[in-house]
Amino acid sequence: MNEEMKKLLGDLNSTWELMKKELDAARANGGETAEQKEKLAKMEKAMSAIEAKMQDLEAKANRPNPQTEAKDKEVASVKLAEVQKSAFFKSLAGRRLNDEERKAVSEMNIPEDMKTMTLADEGSLGFLAPPEFMADVLKNVVQFSPFRNVVTVRTIAGRELQRPRRASTLSASWIGEDGLPSETTKTHDLIKIPAHKLGALAKVTADSLEDISFLEADLREEFGEQFGVSEGVAFLSGNGVEKPHGILTNTSVNVRTSAGSGVIDFDDLADTMGDLKEPYWPTSQWYFQRLTLVALRKIRDLNGQYIWEPSTAAGVPPTILGRPYMLMPDMDSIAAGNKPVIFGDLRRGYMIVDRRDMVVQVFREKYAPAIGYLATKRVGGQVMLPEAIKVLKVKA
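Residues numbered from 1 in each chain as written. Predicted model: local features only at pLDDT ≥ 70, side-chain atom pairs only at ≥ 80, totals over all residues. Heavy atoms only, no water.

## Notes on the nonpolar core
Here comes step 1: With 45 residues, the main nonpolar core has Leu 92, Leu 219, Phe 223, Ile 342 and Tyr 373 as its most contacted residues.
Here comes step 2: Residue assignment for this core shows that the elements contributing at least two residues are α4 (75-92), α6 (131-144), β5 (196-204), α7 (212-237), β12 (350-363), β13 (371-383) and β14 (389-395).
Here comes step 3: At seven residues, the largest contribution of residues to this core is made by α7.
Here comes step 4: Look past the residues within four positions of Ile 342 in its chain and what remains in contact with it is Leu 236, Ile 247, Leu 248, Gln 285, Trp 286, Tyr 287, Met 331, Ile 389, Lys 390 and Val 391.
Here comes step 5: Judged by nonpolar contacts, the second largest core, of 35 residues, contains Leu 269, Met 273, Leu 296 and Ile 307. (Core = buried A, V, L, I, M, F, W, Y, C linked by side-chain atoms within 4.5 Å. Buried < 20%, exposed > 50% of the residue type's maximum accessible area, 1.4 Å probe, protein only. Helix = DSSP H or I, 4+ residues; strand = E, 2+ residues; numbered from the N terminus. Contact = heavy atoms within 4.5 Å.)

## Focus: a negative patch on the surface
Here comes step 1: Among the surface-exposed residues, Asp 218, Glu 221, Glu 222 and Glu 225 lie close enough to one another that they form a single negatively charged patch.
Here comes step 2: Tracing the backbone shows Asp 218 in helix α7. (Patch = residues over 30% accessible without salt bridge, like charges linked within 9 Å, V, L, I, M, F, W, Y side chains within 5 Å. Areas by Shrake-Rupley, 256 points an atom, 1.4 Å probe, with all protein chains shown as cover. Salt bridge = Lys/Arg side-chain N within 4 Å of Asp/Glu carboxyl O. Lys, Arg positive; Asp, Glu negative; His and termini not counted. Charge placed at Lys NZ, Arg CZ, Asp CG, Glu CD.)

## Description of the side chain of Ser 284
Here comes step 1: Within the secondary structure layout, Ser 284 lies in the loop between α8 (266-275) and β7 (285-288).
Here comes step 2: A distance of 3.3 Å separates a polar side-chain atom of Ser 284 from the backbone nitrogen of Asp 345.
Here comes step 3: Residues contacting Ser 284, with those up to four places away along its chain left out, are Leu 276, Arg 323, Pro 324, Phe 343, Gly 344 and Asp 345. (Polar contact = N/O pair within 3.5 Å; in protein donor to acceptor, adjacent residues only side chain to side chain.)

## Details of the confidence of the model for the chain
Atom-level detail of predicted coordinates should not be read off regions where pLDDT is low.
Here comes step 1: Here the chain averages 85 in pLDDT, while 88% of its residues score no lower than 70.
Here comes step 2: Within the model, the stretch residues 112-117 combines pLDDT values under 50 with ten contacts to residues more than four positions away or in other chains.
Here comes step 3: Confidence drops under pLDDT 50 across residues 119-123; counting only partners more than four residues distant or on other chains, this segment forms eight contacts. (pLDDT = per-residue confidence, 0-100.)

## Looking at the pattern of salt bridges
Here comes step 1: Summed over the entire model, instances satisfying the criterion amount to 19 salt bridges.
Here comes step 2: Ionic pairing is found between Asp 11 and Lys 7, a salt bridge with its closest N-O pair at 3.1 Å. Here Asp 11 pairs with Lys 7, and both are found in helix α1 (residues 3-28), just four residues apart, close to one helical turn.
Here comes step 3: The partly exposed category is assigned to Asp 11, whose relative accessible area is 27%.
Here comes step 4: The class for Lys 7 is exposed, based on a relative accessible area of 55%.
Here comes step 5: The salt bridge partner of Arg 148 is Asp 354, with a shortest N-O separation of 2.6 Å. Of this pair, Arg 148 sits in the loop between α6 and β2 (152-156) while Asp 354 sits in strand β12; the two residues are 206 residues apart in sequence, bridging distant segments of the chain.
Here comes step 6: For Asp 354, a relative accessible area of 6% translates into the label buried.

Set out below in structure tokens:
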């Protein structure tokens, strides 16, 4: 643990101790005074800021080192990828390719029906993005929706993935020395996960075309943000019509309704956790948005202990009822009829499918004096194992 992380951890724990004292004092006096509410709000804000800094440090520590990765690759392969990427952005900027770039593009491993997109002119369907740029965009997607970090992601070549989904549990049977196991009934359904078309439009000025690196940065950030925001909403609440089928709209996922109207309490959370089968517990966590976390920090268990527990060491996250949590900005807030909390193992419960290709189309006149770049890719999502996911709904 580096010194900065140690300091942040100390600040988080000390702030939490002060916050507990204020909460205990308010409880003893029968409620929070205006002054105490102001103090608690400031402490909550400070703790959220500290946690955000800790998450940033963790992310930086876990981020792959491009230089180290490059050393592990074949020099020729790295060089080829760089030239292909350069050719892609020169094409987007309207510049002519040299012989080396044209040769590199011709060696790209792409489907036969899409080869015309690599050196296409302005009137074509667009330019096929190299894998390196698509990977860079997906890294930015995660900054706006962490969903991809906690589910299973598969890359496909076609427009849909057909995959068996377990419908019941298999069990072994005891047999005699010369016997055969008894036949079992069908235990799997065949589910189709279509990859739906998702588009992001970025408009840049002519100045960005003067330096290819500026154009790359602008498009990477703009596409990443737009894709991330749209995906985050769809993976949670999409209806499956020309978009992924989300967790909160899937009727196969068990939903528990809170006992009290408009609120959730300790019993609701404990019951939701108890609804999940034990085999999923070790790899399960909570998912909710920031305002829900603020409310959960004030809840106590039956012994009077706060259910939120701070981090005790670097790499060990804070917990709710002993399980870690992740903030999902697109989750509902706590309000009547909303579904603000998910608990479960999303890596086993939900799958995202990405088609490996992303196409960028250029519009040089439509948005003049700006230049428009439309990126399209195909992505789908579906609940694969409903029993691995539980949802808490607020009673209306």
